[in-house]
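# Observations on chain architecture
One-letter residues, chain by chain:
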Number of protein chains: 2
Amino acid sequence: MHLRFVEIFCDVAQRRSFSKGAEAQNVSQSNASQAVSKLEERLGTLLIDRSKRPLELTPAGQMYFEGCREILERFRTIEDRVQAIADRVVGPVRVAAIYSVGLMQMEQTVHRFEQLYPDASLRLDYLHPDQVYQQVLDDKADLGLVSYPRPNSEILSIDWQVQPLVLVVPPQHRLAGQHAVSLSALDGENYIGFTRELTIRREIDRQLKRARVAVQIVREFDNIENIKRAIEAGSGLALLPKPTVWQEISSGTLVAVDVSDASDLVRPLGIIHKRHKQLTTAVRKFIELLQSPSAGLAPVEPVRSISAGKSPAHAAGAASARLTLPQNGHAPGATVSDDGTLIVPRRKRKSRRT
Amino acid sequence: MHLRFVEIFCDVAQRRSFSKGAEAQNVSQSNASQAVSKLEERLGTLLIDRSKRPLELTPAGQMYFEGCREILERFRTIEDRVQAIADRVVGPVRVAAIYSVGLMQMEQTVHRFEQLYPDASLRLDYLHPDQVYQQVLDDKADLGLVSYPRPNSEILSIDWQVQPLVLVVPPQHRLAGQHAVSLSALDGENYIGFTRELTIRREIDRQLKRARVAVQIVREFDNIENIKRAIEAGSGLALLPKPTVWQEISSGTLVAVDVSDASDLVRPLGIIHKRHKQLTTAVRKFIELLQSPSAGLAPVEPVRSISAGKSPAHAAGAASARLTLPQNGHAPGATVSDDGTLIVPRRKRKSRRT
DNA sequence: CTCGCATTATCATTTCTTTTAATAGTCCAG
DNA sequence: CTGGACTATTAAAAGAAATGATAATGCGAG
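Residues numbered from 1 in each chain as written. Chains lettered and ligands numbered in written order. Predicted model: local features only at pLDDT ≥ 70, side-chain atom pairs only at ≥ 80, totals over all residues. Heavy atoms only, no water.

Near DNA strand C there are 20 residues, and of these S19, S33 and R50 of chain A together with S30 and N31 of chain B occur at the shortest range. Backbone atoms, meaning sugar and phosphate, make up 61% of the atoms of DNA strand C lying within 4 Å of the protein. Between DNA strand C and S30 of chain A there is a distance of 3.2 Å, counted from a base oxygen to a side-chain nitrogen or oxygen. For DNA strand C, a phosphate oxygen lies 3.0 Å from a polar atom in the side chain of K38 of chain B. Elements with a minimum of two residues in the surface near DNA strand C: helix 2 (18–24) and helix 3 (29–43) of chain A together with helix 3 (29–43) of chain B. (Near = heavy atom within 4 Å. Polar contact = N/O pair within 3.5 Å; in protein donor to acceptor, adjacent residues only side chain to side chain. Helix = DSSP H or I, 4+ residues; strand = E, 2+ residues; numbered from the N terminus.)

Next up, the structure:
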């Protein structure tokens, strides 16, 4: 019997819908219906109770589903391992990233990946943060690239980068000439903020409050691009992850100023994936590439590194407690790039934190 | 990809031959060749090195083979369990039996099985003992019914019956009138024996030697049927498993006389199967049926049970050491039928003896 | 209860895959 | 080097799966 049918059945069972399952498998609804029928015919047993909306699995269907899911997983693993033996890195790598991971850096990584592993097929989608989680959960993406990663019982997060936040101002701004400023310099300034539902907004608010700095919030956007445009338009200034403004700094449309007294002012990025899913070789290779020091860096960067001994560290809130780094000194082996981004190195598979 | 291809590949890999594998799967050789090609194409890796005779698996092929074998096994188990939930006992049950298990009894059991589980398909082949082992080893039979079972690292044996050996004589023989005789009564008699390569021959020889009884061996056969014909022809007498002469006793062409002083004179029968193979529900049901007290008995039998307190026990040689029963008293729960056959009850799966 | 919406089943048709039989090619032993 | 056993290749036929349209069904709102 076609293993395909089993895949379709599993998707239908998981999504509790023939149409959804069919769509997920890129087949017609008719096909999904017939595929499940074939399986039922073969087993001589009803797997799905269609008299309920949404459909329900029969006890037999439940057992079949659980068993088959494991078998499919194993089969994929075997296929992947066989290919690995022959040094073939193949198969799909589906990555969902938030917009602000930095298009430039990602494009570079994608390009390198495609060169290194021409037999693999990489798809990279830029989505809203919630959608990234959803795609990973729904198994529509193998990896998700998110900020302030929130691991849970279903999702595991791998530390990736720790991006320092810098003060971004228009070139003509009075602070534009400074090498570094204190947070207090922001007091009373017109500020372009993130919208309140975003974790980065809450983090920045916390830091400002702690420093007893009050800014005048004049605009709110849910994405970095708009914030940058607003700064360029002279509406105000903002704290943004340094790598995300590389292009504007290079072209001189914006100026970034380091913040000297807020080493906790960082945006951690994480690579998330489903916890109980065996990653394919191709996916693991992509993670390796993301974690290699040469990735994720701004191509050309005026040398203005953060002061030594003050490592970027992120005193995270409840939602992102995992990424707390030692306050003094980098994580062992961590790489600091020219723009201050901390690349968290590949972790030995030893202790899995929950 | 068709699971069928994987099955074919596994059979080809196991038998180290395309043609043999194809035959085992009931497909053409061409088909097997193409099936493996398809898999190789999909994986982009060579699985089989055809430049050697007999063919060899590549490292990738070896890994794929091992992985797939396990997956197929799991898949079959899942399918079986799903069917079991729905109270469906289906699938093939392939049994290989030695000729002398008793056609009558087996026919009865087969009939009952087919009535109880019409959706299962039972095939019963009568073969030479060595072939029975071979078929089980080659996975061409799910179960084997053999005498003096020899479990090993590949084959597991389930105790089934302990058949008492009785003295079989022609009706006109001087011992025909006795209810029971001592082994010594055989001294000097013309004896029809089994051929020397058979375990039962060696067992009987041991017992005769121990009783210091010398018989005159006038004929040797490798099967019971011929021995019976020879006895009918007046060539001599023989010690035979009682159930195997039921028909001749009923019709009066032969007479069976119990042997009073040789409680170890028994032929144990066992159900063998591959050790590491998960048995399907249908196969387990067949075993249950074999072990149920009503099975394996001679349909109508003159009541002449063996003396109470003297249980048939088999002091086995090295080859059949497993079946050693307590010298006094039956195995717990064992059933003694009218003809003295001891039906060994279903054993709780607790300690696996090697 | 009934209507409308969303979902699933059924069907005929097209398209694709699998199967087969015949044939050509390859490897090994003598 | 040759014969025999084995495997690959091919084209045609048989078979299975995918599709789109349509019918049937269940669910919830009014």
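Moving on, we get to the interface of chain B and chain A. Tallying the contact residues gives 27 residues for chain B and 27 residues for chain A. Across the chain B/chain A interface, buried area totals approximately 2600 Å², and carbon plus sulfur atoms make up 70% of it. Three residues stand out in chain B for area buried against chain A, namely M63, I71 and V82 of chain B, and they jointly supply 21% of the buried area on that side. Applying the counting rule to chain B against chain A returns four salt bridges. Summed over the shared surface of chain B and chain A, the result is nine residue pairs in polar contact (both at pLDDT 80 or more). If you list the elements that add at least two residues to the side of chain B that touches chain A, you get helix 1 (3–15), helix 3 and helix 4 (59–85) of chain B. No other element matches helix 4 of chain B, which puts 16 residues into the side of chain B that touches chain A. Tallied by class, the residues present in the side of chain B that touches chain A amount to 16 nonpolar, five polar and six charged. (Contact = heavy atoms within 4.5 Å. Buried area = accessible area lost by both parts, 1.4 Å probe. Salt bridge = Lys/Arg side-chain N within 4 Å of Asp/Glu carboxyl O. Nonpolar A, V, L, I, M, F, W, Y, C, P; charged D, E, K, R; others polar.)

Below, the discussion takes up the pattern of salt bridges. Under the criterion given, the structure shown has 50 salt bridges over all chains. A salt bridge links E203 of chain B to R206 of chain B, with the nearest nitrogen and oxygen atoms 3.6 Å apart. With E203 of chain B and R206 of chain B both in helix 7 (residues 199–210) and three residues apart, the pair spans about one turn of that helix. The exposure class of E203 of chain B is buried, given its relative accessible area of 7%. The class for R206 of chain B is partly exposed, based on a relative accessible area of 40%. The closest approach of N and O atoms between E225 of chain B and K228 of chain B, which form a salt bridge, is 3.1 Å. Residue E225 of chain B and its partner K228 of chain B are located together in helix 8 (residues 224–232), separated by three residues, close to a single helical turn. Classification of E225 of chain B by relative accessible area gives partly exposed; the value is 39%. Overall, K228 of chain B belongs to the buried group, its relative accessible area being 3%. Connected through salt bridges with shared partners, the residues E225, K228, R229, E232 and E248 of chain A form a single ionic network. (Buried < 20%, exposed > 50% of the residue type's maximum accessible area, 1.4 Å probe, protein only.)

Once that is clear, we can look at the environment of K140 of chain B. Tracing the backbone shows K140 of chain B in the loop between helix 6 (129–137) and strand 5 (143–147). Beyond its immediate sequence surroundings of up to four residues, K140 of chain B is in contact with R15, R94, R123 and Q135 of chain B.

Two chain copies here: they are related by a rotation about an axis and a translation along the same axis. Rotating chain B by 180 degrees and moving it 0.1 Å along the rotation axis overlays it on chain A with an RMSD of 0.2 Å. Each copy turns onto its partner about a two-fold axis. When C-alpha distances to the rotation axis are compared across chain B, the minimum falls at H2 of chain B, with a value of 2.2 Å. Comparing contact sets, 100% of the residues at the interface of chain B also lie at the interface in chain A, consistent with an isologous, same-surface contact. (Least-squares fit on C-alpha atoms with pLDDT ≥ 70 in both.)

As a further point, take the packing of aromatic side chains. Think of a pair of aromatic rings as described by two things: how far the centres are apart, and how the planes are tilted against each other in angle. Residue and element names in this part refer to chain B. As enumerated under the stated definition, the model contains nine aromatic pairs over all chains in all. Here F113 and F286 contribute two aromatic rings whose centre-to-centre distance is 5.3 Å and whose plane-to-plane angle is 85 degrees, an arrangement assigned as edge-to-face. In this pair, F113 sits in helix 5 (residues 103–116) while F286 sits in helix 10 (residues 281–291), placing the two residues 173 residues apart along the sequence. Taking relative accessible area as the criterion, F113 reaches 0% and is therefore assigned buried. (Phe/Tyr/Trp six-rings, centres within 6.5 Å; stacked < 30°, edge-to-face > 60°.)

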